Amino acid sequence: MGLLFQLLPAGTMQAAIAVRRVLGAKAGLVRLGRHLSMQVAPPVAEALRAGDAVVALESTIITHGMPYPQNLETAERVEEIIREQGAVPATVGILGGQLHVGLSRAQMERLARHERPCVKTSRRDLPCVMAKGLDGGTTVSGTLVAAARAGISVFVTGGVGGVHRGGHRTMDVSADLIDLGRAPVCCVCAGVKSILDVGRTLEVLETQGVCVVTLGESDRFPAFFTSDSGHRSPHHVTTCSEAAAVAYQHSELGLESGLLLAVPIPDQYRAEGRSIQAAIEQAVSEAEQQGVSGRDVTPFILARVNELTGGASLQANIHLVENNALHGAKVAVELAELKRNRGKRGRLEGSVTRAAAQSRDKVQKDDPAPDASGGRGVPTVIGGSIVDFVIKTTDKHLQMDGSTHRGHIAQSYGGVGRNVADALSRLGHRPHFVSAVGRDQLGLAVIANNPHMDWRCVDRRESLCTASYAVLVDSTGSVQFGVGDMDIHEAITPELVERHRASLVSSPLVVTDANTPSPSLSAAARLCAAAGVPIWFEPTDLRKAVKSAALLTAGHQPPVLYSSPNAAELHTMLTALTPDRPGAFHLLKGDQLLDACRDASLRLLEHFHCLLVTMGTNGVMISRRGGRSEPLPLGPGARALPAGGPTSCVHYPVTAASNVVNVSGAGDCFNAGFISGLLAGLAQDRCVQRGQQLALQAVACAAAVPDTLQLSDAPEPHQAPGVSRLP
């Protein structure tokens, strides 16, 4: 300890005491909950408590890896890539002697501009940098320490250090390797830096008990700017899902060593990488001639290579780090889901090792994975996610005079978009769900209590409350009125839709609800029209049904459109989209209601390809372009039949429900059942059968979507066939 004290300026006894406190902590370093230990940013802490995906990032790329402003721009872009995949970024750094896990933009800019001198901080440097109140950029080693203590399972960097050339004589071995053997963290990188002795580095990693895995088509171990270091990787996976399964098993075993996931440089930069490699060899030679050693080697070589390549190496470095962030975030999200579901998706779909590859075919034969969508891909749902408070009275008569009614109050989860995504998930389709919730207790509850859904595309806002809705249901199960706090739906922005463009344009169908703001509906329509992906518009309620116009004004060529209004919403849509001014539908009954819905829906086929009109106990009516036996279009590449051609209109009576508890989710479950049939390639009549099955199950349940949904494509003996209603 005396030697360490000699490193401090004279008279700084407080700093010496601080060093003693830090070094005396459990595990020889820092302790959570003390002002001299780690400060975990609130978004990171909340995500960790909720079991969400978090990705740690180092900060030497900001302080020592790149010049300003590229360093700050790259750090911000890497964090954004991680958010786009549904994970929370946690950049690690030291400011004023405080170790931070999760930096704000202002904090990153402080490090990027070098407003104060920044120390390149490894494990060994942490106590002194913190005790002296300095700023520091954490290396791979330093970041691994912080990530492990914070409970972060995945860490992304560019490349890790290793055994330097001639290291068997100089003993110049990076602390990164030692900390990879100490920290139970999955480190995602582009392999080791190509200036190193790759073979000896792999030997040290083996000695340290680090599981080394290459992600990609090849089993070659990469070395930063080159995809093939000349060495094979001990293990090999081909997808992020497989990598997450390895990380999950690594975590379950409680191994105290780390996992190194090596991601090769993307194909489009490999040719450039070869020229950069030549510059690296020259820079290494110059470093040796000039006597550069220790932690100064990497900054010297990076700067010199940037000069020799005219800046090309800097751009390649940026692309490489971004690629690592993309794959690391995907692994983190998959790993969080495996932990949440206790490894139910943890079986590898491909080969992990060469030995596993030999038995893969047998595993798939013995345990085939069901494909609920018939191989058509995963749908996307855009819309509201709401916490519902259902108030059901047992009194037969409601008194609107301030008196108290007997009844029951229950909390459940709703929102038309969420309900449809929930039901489709329970049927095995598990759509991408684009929505917004607050970082509050209700937001945590809706995610934690629906682990079967895919929440990766949901934006979680600090300053907004999760949407909530209180609905009054009478003794017959009918909804009387509701009160909603829905401001957060404005956070479903066009930018959020654009952020998840890849999900939308690869989907067979995109479902939107009218909780989505009109500009965002237009953004989705433009993307889907260009990709040939149909949109299914759910009007949600009378006031919001007019938003259907946003889908029709998104461009010269609107997408293929489905819509599922009830009779009253159909009336609103007809009034908004045509010069027609029909009488109120809710005043009609029996054949008059059917005729009015038929005339209105056929009129709207000028704009829509297919309309499914739900009419409560009067059943469902489907008006569409083409005959009832023709296949309905799915994307990508869907083509609509032209307006003005043959049409059909079929009325499907409904079987009366024997037990009605709550009808609020019946329409959403009907839509999910119909869509599941559509994705399975079923004919229209069978799609309706599926929808009606789920609607009957929904009305018998207090929640909008029952926990268990059952489908049968066998003929229903008591189900009346659809009847044509064409005039």
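The following paragraphs examine the structure supplied in this document. (Residues numbered from 1 in each chain as written. Predicted model: local features only at pLDDT ≥ 70, side-chain atom pairs only at ≥ 80, totals over all residues. Heavy atoms only, no water.)

### Things to note about the overall build of the protein chain
Condition: Helix numbering and strand numbering both begin at the N terminus, where a helix is a DSSP run of H or I of at least 4 residues and a strand a DSSP run of E of at least 2. Classification of residues uses two cut-offs on accessible area relative to the type maximum, computed with a 1.4 Å probe and protein chains only: under 20% is buried, over 50% is exposed, and between them is partly exposed. Only heavy atoms enter the contact rule, under which two residues are in contact if any of them lie within 4.5 Å. What sets the accessible areas is the Shrake-Rupley method with a 1.4 Å probe; for residues, cover comes only from the shown protein chains.
Secondary structure summary: the protein chain contains 26 helices and 25 strands in total. Here the protein chain holds 727 residues, and 54% of them are scored as buried. Of the contacts made within the protein chain by residues no fewer than 6 positions apart, 71% connect residues no fewer than 24 positions apart. For the protein chain, the exposed area adds up to about 30800 Å²; of that, 52% sits on carbon and sulfur atoms.

### Considerations on helix 18 (residues 441-448)
When we look at burial in helix 18, the residues that qualify are G443, A445, V446 and I447. Among the structural elements, strand 13 (386-393), strand 14 (407-414), helix 17 (416-426), strand 15 (432-438) and strand 16 (458-461) are those in contact with the buried residues of helix 18.

### With respect to the sheet that holds strand 14
Adjacent strands of a sheet form backbone hydrogen bonds with each other and so pair up, either parallel or antiparallel. Our working definition: Should DSSP find at least two bridges between two strands, the strands are regarded as paired. Structural elements are reduced to axes, namely lines fitted to C-alpha atoms, with helices fitted over the stretch in contact, and the angle between N-to-C directions of any two is expressed from 0 to 180 degrees.
The strand order across the open sheet built from four strands is 14-13-17-18, with neighbouring strands paired in mixed fashion. The open sheet is flanked by strand 14 and strand 18 (479-485), the only strands paired with a single partner. Direction aside, the axes of adjacent strands within the sheet are offset by 20° on average. In the sheet, strand 17 (residues 467-473) pairs with strand 18 via six bridges, with the strands oriented antiparallel. Within strand 18, the residue paired with V473 across the bridge is V479. Lying over the sheet, helix 18 contacts strand 13, strand 14 and strand 17, oriented at roughly 90° with respect to strand 13.

### Side note on the packing of aromatic side chains
Basically, it comes down to this: What counts as a ring pair is set by centres within 6.5 Å for rings of Phe, Tyr and Trp (its six-membered ring), and what kind of pair is set by the plane angle: stacked under 30 degrees, edge-to-face over 60, tilted for all other angles.
A complete count under the given rule lists four aromatic pairs for this structure. Aromatic side chains F433 and W455 sit 5.7 Å apart centroid to centroid with 70° between the ring planes, which places their arrangement in the edge-to-face category. Of the two residues, F433 is situated in strand 15 and W455 in the loop between helix 18 and strand 16; the sequence distance between them amounts to 22 residues. Of the residues examined, F433 reaches a relative accessible area of 0% and is grouped as buried.

### With respect to the sheet that holds strand 19 (residues 510-513)
Strand order in the open sheet formed by ten strands is 16-15-12-19-20-21-22-23-24-25, and the pairing between neighbours is mixed. Only two strands of the sheet have a single neighbouring strand rather than two, namely strand 16 and strand 25 (723-724). Looking at chain direction, strand 12 (residues 380-382) and strand 19 are connected through three bridges and run parallel. Bridging from a neighbouring strand, T380 pairs with V510 of strand 19. Helix-sheet contacts for helix 17 involve strand 12, strand 15, strand 19 and strand 20 (535-538), and the interaxial angle to strand 12 is about 160°. Along the sheet, helix 21 (residues 518-531) contacts strand 12, strand 19 and strand 20; its crossing angle with strand 20, the most-contacted strand, is approximately 160°.

### Describing the packing of helix 5 (residues 70-84) against helix 6 (residues 105-113)
Stated precisely, the cut-off is as follows: Helix crossings get a hand from a simple test, with the near helix turned counterclockwise from the far one by less than a right angle marking a left-handed crossing and a clockwise turn marking a right-handed one. Any residue that is not Ala, Val, Leu, Ile, Met, Phe, Trp, Tyr, Cys, Pro, Asp, Glu, Lys or Arg is counted as polar, Gly included; the first ten are nonpolar and the last four charged.
In contact at an axis separation of 9 Å, helix 5 and helix 6 are set at 145° when each is read in the N-to-C sense. In this structure, helix 5 meets helix 6 at a crossing whose hand is right-handed. Across from N71, L72, A75, E76 and E79 in helix 5, the residues of helix 6 making contact are R105, M108, E109 and A112. Along the lines of polarity and charge, the residues of the contact of helix 5 with helix 6 split into four nonpolar, one polar and four charged.

### So, unusual backbone geometry
That bond from Y68 to P69 is cis: its omega, 5°, falls within 30 degrees of zero. Structurally, P69 can be placed in the loop between helix 4 (60-65) and helix 5. Positive phi, close to 45°, is recorded for R430, a residue that is not glycine. Among the secondary structure elements, R430 is positioned in the loop between helix 17 and strand 15.

### Focus: the nonpolar core
Spelled out, the test is: Residues belong to one nonpolar core when they are buried, are Ala, Val, Leu, Ile, Met, Phe, Trp, Tyr or Cys, and are joined through side-chain atoms within 4.5 Å.
Counting 60 residues, the largest nonpolar core has V101, I152 and L260 as its most contacted members. Residues F433, W536, I675 and L678 belong to the second largest nonpolar core, which totals 49 residues.

### A closer look at the pattern of salt bridges
Inclusion rule: When a carboxyl oxygen of Asp or Glu is within 4 Å of a side-chain nitrogen of Lys or Arg, the pair counts as a salt bridge.
Applying the stated criterion across every chain yields a total of 35 salt bridges. Here E46 ties to R460 by a salt bridge, and the two come within 3.3 Å at their closest N and O atoms. Residue E46 is found in helix 3 (residues 42-50), and its partner R460 is found in strand 16; the two are separated by 414 residues along the sequence. R460 carries the same exposure label as E46, and that label is buried. The residue D135 makes a salt bridge to R110 at a minimum N-O spacing of 2.8 Å.

### Re the environment of V446
By the element assignment, V446 lies in helix 18. Using a relative accessible area of 1% as the deciding quantity, one classes V446 as buried. It is 8.1 Å that separates the C-alpha atoms of V446 and S385, two residues lying 61 residues apart in sequence. Discounting chain neighbours no more than four positions away, the residues touching V446 are S385, V387, Y413, R418, V437 and W455.

### What about helix 21?
Short version of the rule: Given a helix with a known number of residues, its expected span is that number minus one, times 1.5 Å.
Relative to the 20 Å expected for 14 residues at 1.5 Å per residue, helix 21 spans 20 Å between its end C-alpha atoms, a close match to the ideal helical length. Along helix 21, the residues that are buried comprise S520, L521, S522, A523, A524, A525, L527 and C528. Tucked into the core, helix 21 has its buried residues touching strand 12, helix 19 (494-499), helix 20 (501-505), strand 19, strand 20 and helix 22 (548-552). One or two steps after helix 21, the chain reaches G532, where phi turns positive at roughly 70°.

### Topic: the pairing of strand 2 (residues 54-57)
What you see with strand 2 is no split at all: V54 and A56 on one side and V55 and L57 on the other are buried throughout. By the bridge criterion, three bridges tie strand 2 to strand 7 (residues 154-156) in an arrangement that is parallel. Of the residues in strand 7, the one forming a bridge with L57 is V156.

### Examining the pairing of strand 16
Basically, it comes down to this: If you view a crossover with the strands going away from you and the path from the first strand over the helix to the second runs clockwise, you call it right-handed.
As paired strands, strand 15 and strand 16 are joined by four bridges and run parallel to one another. Residue pairing in the sheet places V437 in a bridge with R460 of strand 16. Traced from strand 15 through helix 18 to strand 16, the parallel crossover comes out right-handed.

Distances and angles like these do not, on their own, reveal function.
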